[in-house]
Amino acid sequence: MERDAPSVWLDGEYGVVRVIRRERLASREGLVDLAFGEHRPLANGFYFPHRQEAFVDGKLVVLVVVRSVAVNTGLAEDLFDPGALRRGR
């Protein structure tokens, strides 16, 4: 695998399961590896990763374990407007 080019692993059922790319960090450049696992059904055939891990140069730096997820519970419609988001609203 080419380590200087970004790589993305896609699963036909779950979507993105892994992203690897070189990033400029606070004091140096490092290889950042984001892994999404333990996908569980959420809504309308959409699966959500309940385990999200971030590695820098092979060392785990962030682990997110999602305990519960709620879908669209009273969110404002403009949150889903890409144009408004680009304008900073």
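Structure first, text after, so check above.
(A) Quick look at the overall build of the protein chain. Across its full length, the protein chain carries 1 helix and 5 strands. Its helices and strands taken in sequence order, the protein chain reads β-β-β-β-β-α from the N to the C terminus. Relative to the globule expectation of 12 Å for 89 residues, the C-alpha radius of gyration of the protein chain, 16 Å, shows a markedly less compact shape. When its C-alpha atoms are laid out on the principal axes, the protein chain stretches across 40 × 35 × 25 Å. A burial count over the protein chain gives 19% of its 89 residues as buried. Intrachain contacts of the protein chain at a sequence separation of at least 6 include 13% that bridge at least 24 residues. Counting every atom, the protein chain has about 6700 Å² of accessible surface; 52% of that belongs to carbon and sulfur. Charge separation in the protein chain, taken as the distance between the mean sites of 13 positive and 13 negative side-chain charges, equals 5 Å.

(B) Summary view of unusual backbone geometry. Despite not being glycine, Glu-38 shows a phi value in the positive range, around 50 degrees. Mapped onto the secondary structure, Glu-38 falls in strand E3 (residues 29-43). Residue classification places Glu-38 among the partly exposed residues on the basis of a relative accessible area of 44%. One non-glycine residue, Asp-57, lies in the positive phi region at around 50 degrees. Along the polypeptide, Asp-57 turns up in the loop between strand E4 (46-56) and strand E5 (59-65).

(C) Region of interest: the packing of aromatic side chains. This model, assessed by the stated rule, comprises 1 aromatic pair. Taken together, a centroid distance of 5.0 Å and an interplanar angle of 70 degrees make the contact between Tyr-14 and Tyr-47 edge-to-face. In this pair, Tyr-14 is assigned in the loop between strand E1 (7-11) and strand E2 (15-24) and Tyr-47 in strand E4, connecting sequence segments 33 residues apart. On the basis of relative accessibility, which here comes to 21%, the residue Tyr-47 falls in the partly exposed class. Of note, Arg-18 hangs over the ring of Trp-9, and the distance from its end group to the ring centre comes to 4.9 Å.

(D) Representation of the pairing of E1 within the structure. Across 5 bridges, E1 lies against E2 in antiparallel orientation. Along E2, the bridge assignment pairs Ser-7 with Ile-20. Hairpin connection between E1 and E2: a loop of 3 residues separates the two successive antiparallel strands.

(E) Summary view of a nonpolar patch on the surface. On the surface, Val-8, Leu-10 and Val-16 cluster together into a nonpolar patch covering about 280 Å² of accessible area. Looking at the element boundaries, Leu-10 is found in strand E1. Take Leu-10: its relative accessible area is 65%, and that puts it in the exposed class.

Conventions adopted
- Residues numbered from 1 in each chain as written.
- Predicted model: local features only at pLDDT ≥ 70, side-chain atom pairs only at ≥ 80, totals over all residues.
- Heavy atoms only, no water.
- Helix = DSSP H or I, 4+ residues; strand = E, 2+ residues; numbered from the N terminus.
- Rg over C-alpha atoms; globule rule 2.2 N^0.38 Å.
- Buried < 20%, exposed > 50% of the residue type's maximum accessible area, 1.4 Å probe, protein only.
- Contact = heavy atoms within 4.5 Å.
- Areas by Shrake-Rupley, 256 points an atom, 1.4 Å probe, with all protein chains shown as cover.
- Lys, Arg positive; Asp, Glu negative; His and termini not counted.
- Charge placed at Lys NZ, Arg CZ, Asp CG, Glu CD.
- Phe/Tyr/Trp six-rings, centres within 6.5 Å; stacked < 30°, edge-to-face > 60°.
- Lys NZ or Arg CZ within 6 Å of the ring centre and 35° of its normal.
- Pairing = 2+ DSSP bridges.
- Patch = residues over 30% accessible without salt bridge, like charges linked within 9 Å, V, L, I, M, F, W, Y side chains within 5 Å.
- Salt bridge = Lys/Arg side-chain N within 4 Å of Asp/Glu carboxyl O.

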